[in-house]
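Structural description and commentary
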Amino acid sequence: MEKLISNNNPMEKLISNNNQLQRPLSRGFVPVIDLDETAGDSRAVISQKILKACQEFGFFQVINHGVPEDLMKDTMSMFKEFFDLPAEDKAIFYTEDARSKKHCTLYPSSMIYATEDVHLWRDNLKHNCHPLEKCILEWPEKPTGYRQVVGSYAAEVTKMVPRILELIGEGLGLESGYFESKLGEVSSLSVNHYPPCPDPSLTLGLSKHCDPNLVTILLQDDVCGLQIFKDNEWIGVDPVPNAFVVNIGYQLQIMSNNKLKSVEHRAVTNSRTARTSAAFFFNPRDDIMIEPAEVLVNASNPPVFRAFQYIEFLRNYMTKTDINDDALEHFKL
Ligand SMILES: O=C(O)CCC(=O)C(=O)O
Ligand SMILES: [Fe+2]
């Protein structure tokens, strides 16, 4: 428990030979897309904007997405209050074991504290969200209201995801419901808390990575820290009020036959303000074969990937030892 940085600041745990913090940071920006067709663009224009964002950035932000703004704020407050709890209230969830059987876990840094090269400036709460009525019983009881608020949030975001997938599918010219039919029920929330870091040049909040799943819906507070790697530069994905950040996971890149990109991203810290973010991971069904959509494959666009099941992908992803290894290599034809 002393490794949690929301409990104290174990500065001495940092390793200072971290060469991941390469600058410069560009001011280019990730598109913000208004999903309200009645107020702005037509549906066809929205789906084309999303497609372009997914091709160029692998990321976009959405506003007017239908999830109530108060619920987003209340959810963020619950997450922040959780990390502010006294150490004894967090202890029941604490583990450093990546294979922990707990349904709700609180990790220091990454899931492999003992063996990682660099400790991250992050505490991380994880729990599953499906089936909700069952999972919720394992979630924190403190702060008061956590289960009810985060439960409503999980239900609302889960309702929004097929709408976003449908727009992405439309942009690609896929039949209606294509991605929804590939979407599994199991989803999970990973809540990151990055307290102020006395020296942000010594480590990161989260190392560079691509998400292995289908699509991720990220809620961030009003503090900058998320960055994506594009054209050899790190670009900030700065917070937009009431927006979700959507990012393409490896499985969407594969199903789109490389038309959509899963882009590397990371989180940096700052010395002044704590930052909290919550990544909601949506996965493909585990009983389907994942492969490029047939309509995107033809003589001039041969399939880039072979068919596989998600479990095979995850096994391969988890055993990757070098963050610079290409997780897609093993699945390329
Ligand atoms: O904190 C962030 O904004 C990044 C979170 C993230 O990329 C993840 O949890 O996979
Ligand atoms: Fe991520």
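Residues numbered from 1 in each chain as written. Chains lettered and ligands numbered in written order. Predicted model: local features only at pLDDT ≥ 70, side-chain atom pairs only at ≥ 80, totals over all residues. Heavy atoms only, no water.

**Considerations on helix 7 (residues 310-318)**
Among the residues making up helix 7, those that are buried are Tyr 310, Phe 313 and Tyr 317. One side of helix 7 holds all its buried residues, which, seen down the axis, span an arc of 60 degrees. For helix 7, the exposed residues lying more than 90 degrees away from the buried face are Arg 315 and Met 318. Lining the buried residues of helix 7 we find strand 7 (206-209), helix 6 (250-255) and strand 13 (275-284). (Buried < 20%, exposed > 50% of the residue type's maximum accessible area, 1.4 Å probe, protein only. Helix = DSSP H or I, 4+ residues; strand = E, 2+ residues; numbered from the N terminus. Arc of directions from axis to C-beta. Contact = heavy atoms within 4.5 Å.)

**Topic: the coordination of the iron ion (ligand 2)**
Distances from the iron ion (ligand 2) to its protein donors, His 209 (NE2), Asp 211 (OD) and His 265 (NE2), fall at 2.1 to 2.3 Å. Mapping the donors of the iron ion (ligand 2) onto the primary sequence yields the spacing H-x1-D-x53-H. Highlighted residues: Asp 211 in the loop between strand 7 and strand 8 (215-220) and His 265 in strand 12 (residues 265-267), separated in sequence by 54 residues. (Donors = N, O, S within 2.8 Å, 3.2 Å for Na, K, Ca; no water.)

**Notes on the site of ligand 1**
By nearness alone, 13 residues border ligand 1, and Tyr 194, His 209, His 265, Arg 275 and Ser 277 come closest of all. Between Asp 211 and ligand 1, the recorded distance is 3.4 Å, taken from a side-chain N or O atom to an oxygen atom. Expressed as a share of its isolated accessible area of 300 Å², the protein-covered part of ligand 1 is 96%. Looking at the shell around ligand 1, the element that brings in the most residues is strand 13, giving four residues. Within the shell around ligand 1, the residues separate by chemical class into seven nonpolar, four polar and two charged. (Near = heavy atom within 4 Å. Polar contact = N/O pair within 3.5 Å; in protein donor to acceptor, adjacent residues only side chain to side chain. Areas by Shrake-Rupley, 256 points an atom, 1.4 Å probe, with all protein chains shown as cover. Nonpolar A, V, L, I, M, F, W, Y, C, P; charged D, E, K, R; others polar.)

**Topic: the confidence of the model for the protein chain**
With 94% of its residues at a pLDDT of 70 or more, the protein chain has an overall mean of 92. Note that pLDDT drops below 50 for residues 15-20; the model gives that stretch 13 contacts with residues more than four away or on any other chain. The ipTM for the predicted assembly is 0.99, set against a pTM of 0.94. (pLDDT = per-residue confidence, 0-100.)

**Here we look at the UniProt feature "domain: Fe2OG dioxygenase" (unreviewed entry) in the protein chain**
With numbering matched to this structure, UniProt assigns "domain: Fe2OG dioxygenase" (unreviewed entry) to residues 185-284. From the first C-alpha to the last, residues 185-284 spans 8 Å; its make-up is 6% helix and 47% strand. (UniProt positions renumbered as here; feature names shortened; annotations may be inferred.)

**Section: empty space enclosed by the protein**
Across all of its chains, the model carries two cavities of 30 Å³ or more by this definition. Of the volumes computed, that of the second largest cavity is approximately 40 Å³. What lines the second largest cavity is Leu 165, Glu 166, Gly 169, Glu 175, Gly 177, Tyr 178, Phe 179 and Glu 180. In the lining of the second largest cavity, the residues fall into three nonpolar, two polar and three charged. (1 Å grid on protein atoms, 1.4 Å probe; cavity = no way out; pocket = protein on both sides within 12 Å on 5 of 7 lines; lining within 4 Å. Points joined across faces, edges and corners; volume = space filled by probe spheres on them.)

**Points about the packing of helix 2 (residues 69-84) against helix 5 (residues 146-172)**
One way to put it is that helix 2 packs onto helix 5 with a least axis distance of 9 Å and a crossing angle of 130 degrees. Taken together, the axes of helix 2 and helix 5 are oblique relative to one another. Pair helix 2 / helix 5 crosses with left-handed handedness. Taken together, the residues of helix 5 that come into contact with helix 2 (itself represented by Leu 71, Asp 74, Thr 75, Met 78 and Phe 79) are Tyr 146, Val 149, Val 150, Ser 152, Tyr 153 and Glu 156. A breakdown of the residues in the contact of helix 2 with helix 5 according to their chemical character gives seven nonpolar, two polar and two charged. (Axes fitted to C-alpha atoms, helices over the stretch in contact; angles between N-to-C directions. Parallel < 35°, antiparallel > 145°, perpendicular 65-115°, else oblique. Left-handed = near helix turned anticlockwise from the far one by under 90°.)

**Digging into the sheet that holds strand 6 (residues 183-194)**
Sheets are built from strands that pair by backbone hydrogen bonding, the pairs being arranged parallel or antiparallel. Here we have eight strands laid out as an open sheet, ordered 2-3-11-8-13-6-5-4, and mixed in their pairing. With one partner strand each, in any of the chains shown, strand 2 (32-34) and strand 4 (104-108) form the two edges of the open sheet. With strand direction ignored, the average angle separating the axes of adjacent strands in the sheet is 25 degrees. In terms of strand pairing, strand 4 meets strand 5 (residues 123-128) through five bridges, oriented antiparallel. (Pairing = 2+ DSSP bridges.)

**Thoughts on helix 2**
Two residues of an α-helix separated by three or four positions point the same way, owing to the 3.6 residues in each turn. With 16 residues, helix 2 ought to run about 22 Å at 1.5 Å a step, and its terminal C-alpha atoms sit 23 Å apart, in line with that. Within helix 2 the residues assigned to the buried category are Leu 71, Met 72, Thr 75, Met 76, Met 78, Phe 79, Phe 82 and Phe 83. The buried residues of helix 2 all sit within an arc of 155 degrees when viewed along its axis, so they share a single face. Facing away from the buried side of helix 2, by more than 90 degrees, are the exposed residues Asp 70 and Asp 84. (Expected span 1.5 Å × (residues − 1).)

**Remarks on the packing of aromatic side chains**
Under the counting rule described, the total for this entry stands at 15 aromatic pairs. Taken together through their ring pairs, the aromatic side chains of Tyr 250, Phe 308, Phe 313, Tyr 317 and Phe 331 make up a single cluster. One Lys or Arg, Lys 230, reaches over the ring of Phe 57 and ends 5.1 Å from the middle of that ring. Positioned above the aromatic ring of Trp 234, the side-chain terminus of Arg 266 is 4.1 Å from the ring centre. (Phe/Tyr/Trp six-rings, centres within 6.5 Å; stacked < 30°, edge-to-face > 60°. Lys NZ or Arg CZ within 6 Å of the ring centre and 35° of its normal.)

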